[in-house]
Amino acid sequence: MSNIVEQLDAKISAALSGWNFYTTVLALLVFAYIAYPIIFHDEPDTHPMLLARQASASPVRQPGESAVYRSLEVPHGYPLKTGLNVKEPDAPKWSGGRDGDLRDIWRQVARGAHSEQGGSNVPAGKILTVLGKEDVKDHDVGDVSREINIIGKHIRQHGVTRVAIYLPNSIEFLSTVFACAFYGLSPILIPYNQPSNVVLELLQKTSAECLVAAAGALPLADVGQRVSSLKEIVWVVEKSSRQMDWHQKPEGTGNRVGVSVWHDLVLDQKRTTSVELPTSEQGSKPANITTIWQKKQGAMGEVIEFTHQNMVAAIAAQISALPARQRMSPSDLFLPADAFTHTYVLTLTLAALFSHASVAITSVASPGVDLSLVTRNIAPTIIVASAETAASLHRATHPTATSGLKKFAYYTETKALAGGRMPTDTLLTRLNAPIRAAVGSTPGKLRLLFVSERVGAGSPPLTSEQLSDLRVFTGARVIYALTAAQVAGAVSQTSIFDYRREEGRSGTHSHFGVPLSSVEVKLVDTSTHRTTDKGNPEGEITVLGPAVAGGKAALGVTGTFRDDHTLAYV
Ligand SMILES: *[C@@H]1O[C@H](CO)[C@@H](O)[C@H](O)[C@H]1NC(C)=O
């Protein structure tokens with residue numbers, strides 16, 4: 001088929017050299033006949049009025065501050081979203097649910113896997129690890145539960161609570177986070193692939209007592225000597241290096257630091273450890289989760305401590321931010337293509353697990369990773385990626401949109417988007433699709449792409465035009481979020497149906513949509529920006545609510561709420 005199209009394209013190019021009045025008329029007729037229905041036929045995906053006023057502003061405002069803006073999901077005067085509304089399986093329907101914590105997320109996954117065997121109707125999501133070019137490993141949920149028990153018990157036996165995780169995205173990363181939740185431990189998520197002196201300093205600064213790390217990622221002797229709080233190391237060893245002896249203790253530390261190896265612990269205790277997870281005793285609270293926010297890769301970071309309450313509020317808000325028909329579901333395959341140490345990525349991944357979607361984990365996930373590489377042997381329906389990755393996908397795809405027919409297809413789809421409709425698969429697009437980005441082993445599966453701007457962390461700006469292009473190139477809806485150190489998940493993100501394309505603002509960030517339902521946002525006067533002036537308010541973006549560490553955070557950047565009540569940088 002594409003061959004025919006290429007030939008046709010060549011013919012058209014040839015014909016264009018002999019362009020005259022009749023060909024113009026003909027072209028116009030063809031255009032009217034083919035393009036008109038595509039552009040004007042269907043209703044927009046959402047009512048234009050809903051895009052014209054996307055958030056609600058509080059009726060009262062404090063001096064020196066803008067009104068407080070909220071998602072339409074949570075009217076002023078009502079509480080913000082605080083949690084997952086977890087109900088026990090046998091609880092009556094009308095009873096109120098708990099906010100829950102991360103344990104409830106894993107329980108939900110385990111319940112799905114369990115009921116599949118038992119034939120009940122809780123759907124089961126898969127957890128996959130993408131290994132190299134060919135291999136995809138499907139993890140048994142029971143085995144993961146068992147590993148959560150083994151690792152949690154092992155760490156607790158050593159009488160430590162502060163557990164640093166220095167791992168790439170992996171099932172061990174998630175298992176350790178859940179083990180911490182079930183065994184009262186406090187995980188510290190250290191961004192992976194940093195210079196070792198930065199990691200050592202972070203371990204020291206966060207008083208890490210246990211370190212779960214990729215074997216060989218850090219020099220053992222330095223870790224032992226420089227991190228004085230450290231008592232236990234657990235190495236996660238890749239299959240290919242398991243013949244080496246990883247049990248060596250660091251020199252010069254006496255017997256202070258013990259060393260274990262993940263797969264040996266699992267092997268030793270597999271038979272004696274149950275898949276049953278500890279129950280939450282009434283009132284017991286899992287310990288805080290510490291994250292690091294880096295201004296740039298390899299820099300020392302800001303240390304932020306989140307409670308489980310912060311995390312579940314953020315997760316619940318992500319789930320409800322999508323309209324019911326677009327939510328993550330068991331038919332989705334979710335791929336985190338950015339690191340779990342970014343809470344936006346972790347929150348979405350946990351939301352996917354809670355929603356019984358399948359999750360594909362790849363260790364190369366990081367800011368800037370090439371999406372076509374990480375999706376060579378899977379076909380995800382939802383991806384969360386860094387702004388770096390989105391920008392390079394745009395760069396890599398855009399210049400090739402040169403042939404006449406491809407340009408035409410690109411043009412019609414862009415027009416459809418401007419008309420408020422996601423272009424659908426039609427006979428025409430099958431004959432002549434615009435140039436598409438090579439994402440996923442089966443084209444056309446991707447339906448949703450989450451991208452995040454990280455405040456003050458040097459992520460490249462994505463313009464409204466680039467986001468629109470990405471919708472055309474990937475055939476997926478794109479959500480652009482504003483994320484910040486002190487806010488679990490995101491501060492605000494664009495509506496899934498907001499395809500509006502604002503042209504001629506190259507180099508500037510597109511707007512960031514509306515606050516998630518677990519936060520509210522206001523703008524506070526600075527020395528240079530006043531909110532009291534007429535027109536749109538401008539001021540320091542200040543976020544409050546259950547998803548914010550400490551309840552309130554000023555982000556140190558100036559923002560504005562536009563006429564449509566979406567948040568943007570000034
Ligand atoms: C958990 O973090 C919060 C701040 O986010 C802090 O107020 C609280 O004291 C911490 N809890 C513990 C047990 O350290």
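Since this is a predicted model, take the numbers as computed values, not measurements. (Residues numbered from 1 in each chain as written. Predicted model: local features only at pLDDT ≥ 70, side-chain atom pairs only at ≥ 80, totals over all residues. Heavy atoms only, no water.)

Here's the deal with the site of the ligand
Condition: Throughout this document, a residue counts as near a molecule or strand when at least one of its heavy atoms sits within 4 Å of that molecule or strand. Polar contacts, as counted here, are pairs of nitrogen or oxygen atoms within 3.5 Å of one another; within protein the pair requires one atom able to donate a hydrogen and one able to accept it, and residues that are adjacent in sequence qualify only if both atoms are side-chain atoms. All accessibility values rest on the Shrake-Rupley procedure with a 1.4 Å probe; residue burial counts only the protein chains present in the view. Amino acids are sorted into nonpolar (Ala, Val, Leu, Ile, Met, Phe, Trp, Tyr, Cys and Pro), charged (Asp, Glu, Lys and Arg) and polar (every other residue, Gly among them).
Close to the ligand lie Asn 288, Glu 305, Thr 307 and Gly 550, which account for all nearby residues. Separating an oxygen atom of the ligand from a side-chain N or O atom of Asn 288 is a distance of 2.3 Å. Contact distances for the ligand include 2.9 Å between an oxygen atom and a backbone N or O atom of Glu 305. The fraction of the free accessible surface of the ligand (360 Å²) that becomes covered by protein chains is 38%. In terms of residue class, the shell around the ligand is made up of no nonpolar, three polar and one charged.

Quick look at the pairing of strand S12 (residues 333-336)
Filter applied, for reference: Relative accessibility decides the category of a residue: with a 1.4 Å probe and only protein chains considered, values under 20% of the type maximum give buried, values over 50% give exposed, and everything between is partly exposed. Each helix is a run of H or I in the DSSP string that is no shorter than four residues. Each strand is a run of E no shorter than two, and both are numbered from the N terminus. Between any two strands, pairing holds if DSSP finds at least two bridges. We call a crossover right-handed when, viewed with the strands running away from us, the connection from the first strand over the helix to the second turns clockwise.
In S12, alternate side chains face the same way, and those of Leu 333 and Leu 335 on one face and Phe 334 and Pro 336 on the other are all buried. The pairing of S12 with strand S13 (residues 358-362) spans two bridges and is parallel. Paired with Phe 334 across the two strands is Val 359, which belongs to S13. With helix H11 (residues 343-354) bridging S12 and the parallel S13, this β-α-β connection has right-handed handedness.

Focus on the pattern of salt bridges
To keep it simple, the criterion reads: Note on definitions: salt bridges are taken to be side-chain nitrogens of Lys or Arg within 4 Å of carboxyl oxygens of Asp or Glu.
Here the structure, examined in full by the defined rule, presents 20 salt bridges. A salt bridge links Asp 45 to Arg 477, with the shortest nitrogen-to-oxygen separation between them at 2.9 Å. Here Arg 477 lies in strand S16 (residues 477-483) and Asp 45 lies in the loop between helix H2 (21-40) and helix H3 (48-52), a separation of 432 residues in the sequence. Two residues, Arg 501 and Glu 503, come together in a salt bridge whose shortest N-O distance is 2.9 Å. Salt bridges linked by common partners bring Asp 498, Arg 500, Glu 502, Arg 562 and Asp 564 together as one network.

Overview of the sheet that holds strand S8 (residues 232-236)
Let me state the cut-off plainly: Here an angle of 0 to 180 degrees is reported between the N-to-C directions of two axes, which are lines fitted to C-alpha atoms, with helices fitted over the stretch in contact.
Pairing within the open sheet is mixed, and its seven strands lie in the order S9-S8-S7-S5-S6-S10-S11. With one partner strand each, in any of the chains shown, strand S9 (258-261) and strand S11 (301-306) form the two edges of the open sheet. Taking each pair of neighbouring strands and ignoring which way they run, the sheet shows an average axis angle of 20 degrees. As paired elements, strand S7 (residues 210-214) and S8 share five bridges and run parallel to each other.

Concerning the packing of aromatic side chains
Let me state the cut-off plainly: Within 6.5 Å between ring centres, the rings of Phe, Tyr and Trp (the latter by its six-membered ring) count as paired, and their orientation is classed by plane angle as stacked under 30 degrees, edge-to-face over 60, tilted in between.
What the rule picks out here adds up to nine aromatic pairs. Here Trp 106 and Phe 178 contribute two aromatic rings whose centre-to-centre distance is 5.2 Å and whose plane-to-plane angle is 45 degrees, an arrangement assigned as tilted. Here Phe 178 lies in helix H6 (residues 171-182) and Trp 106 lies in helix H4 (residues 102-118), a separation of 72 residues in the sequence. Phe 178 shares its class with Trp 106; the two are buried.

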